[in-house]
Amino acid sequence: MIKIIVAKASNNVIGNNNELIWHLPNDLKNFKKLTSDHPIIMGRKTYQSLGRPLPNRTNIVITRDSNFKDDKVVITYSLEESINKAKEINNDLFIIGGGDIYKQAMEIADELYITEVHHEFEGDTFFPEIDEDNFEEISREHFNKDEKHLYAYSFVIYKRIKESIN
């Protein structure tokens, strides 16, 4: 199963200047719970913005830069190569960003784990529109803003609609 996991604003913004814009502790906990013990695939800029490999996960980094070296991660040069490497470890894998990687992965993803941040933000990186002809919402859990969360948000799961065989 190829799963995409992302937190996105109401206007699909996911980042600005290679940084997260908001801080939602429950989203971080949910991300950790879902992705632990699974391979995670990300672009080089996303990896560099994290500053380190995420623990308890095989970190696979896609780059076009043949000079990029980091012995703490698996380096690949395409989404297809990264998925093949991830499936050697576990058939359930997560794609965690950034914008270009998400665009490519939307064509092949089986499930989407979306944190919808109910606010619009300025940004330079966006999540692609979810095509409702390809994905159906299967669950939604809403949370209001509180003392630890400045914005209301929802955890939403989408599953790819399998075309029926006639």
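Within an unreviewed UniProt entry, the label attached to the protein reads Dihydrofolate reductase, and the organism entered is Faecalibacter rhinopitheci. If you open the UniProt record of the protein and go to Catalytic activity (unreviewed entry), you find "(6S)-5,6,7,8-tetrahydrofolate + NADP(+) = 7,8-dihydrofolate + NADPH + H(+)". According to the UniProt record, the Sequence similarities (unreviewed entry) comment for the protein is "Belongs to the dihydrofolate reductase family."

Peer 1: Quick rundown of the nonpolar core? Include the residues and the values.
Peer 2: Within the largest apolar cluster, 24 residues are counted, with the highest numbers of intra-cluster contacts made by Ile4, Ile41, Ile95, Leu112 and Phe127. Contributing elements (two or more residues each) for this core: β1 (2-9), β4 (59-62), α3 (79-89), β6 (93-97), α4 (99-105), β7 (111-117) and β10 (153-160). Setting aside anything within four residues of it in sequence, one finds Phe127 in contact with Ile4, Val6, Lys8, Asn12, Ile14, Tyr102, Met106 and Ile114.

Peer 1: Can you tell me about the pattern of salt bridges, naming the residues and giving the values?
Peer 2: Counted under the stated rule, the structure contains six salt bridges. For Lys103, the salt bridge goes to Asp100, with nearest N and O atoms at 3.6 Å. Here Lys103 pairs with Asp100, and both are found in helix α4, just three residues apart, close to one helical turn. Residue class for Asp100 comes out partly exposed when judged on its relative accessible area of 45%.

Peer 1: Give me the lowdown on the pairing of β10, citing residues and values where you can.
Peer 2: In terms of burial, β10 is largely enclosed, as six of its eight residues are buried. For β7 and β10, the ladder comprises seven bridges, and the chain directions are antiparallel. Paired with Ile114 across the two strands is Val156, which belongs to β10. When strand β9 (residues 135-143) meets β10, the two strands line up antiparallel, connected through eight bridges. Residue pairing across strands places Glu136 opposite Lys159, the latter belonging to β10.

Calculation criteria
- Here, residues in each chain are numbered from 1, in the same order as that chain's written sequence.
- In keeping with the predicted nature of the model, local features appear solely for residues at pLDDT of at least 70, side-chain atom pairs appear and are counted solely at 80 or more, and the whole-chain, interface and lining totals rest on all residues.
- Values reported for side chains reflect all heavy atoms of the structure, with hydrogen atoms and water molecules removed beforehand.
- UniProt positions are given in the numbering used here, feature names are shortened, and annotations may be inferred rather than shown by experiment.
- Joining through side-chain atoms within 4.5 Å is the link that ties buried Ala, Val, Leu, Ile, Met, Phe, Trp, Tyr and Cys residues into a set, and such a set is a nonpolar core.
- Here's how the labels work: a residue is buried when its accessible area is under 20% of the maximum for its type, exposed when over 50%, partly exposed in between, all with a 1.4 Å probe on protein chains only.
- Here a helix means four or more residues in a row that DSSP labels H or I, a strand means two or more in a row labelled E, and each is numbered from the N terminus.
- The contact criterion used is simple: two residues touch if any of their non-hydrogen atoms lie within 4.5 Å.
- One speaks of a salt bridge when a side-chain nitrogen belonging to Lys or Arg is within 4 Å of a carboxyl oxygen belonging to Asp or Glu.
- At least two bridges found by DSSP between two strands are what make those strands a pair.

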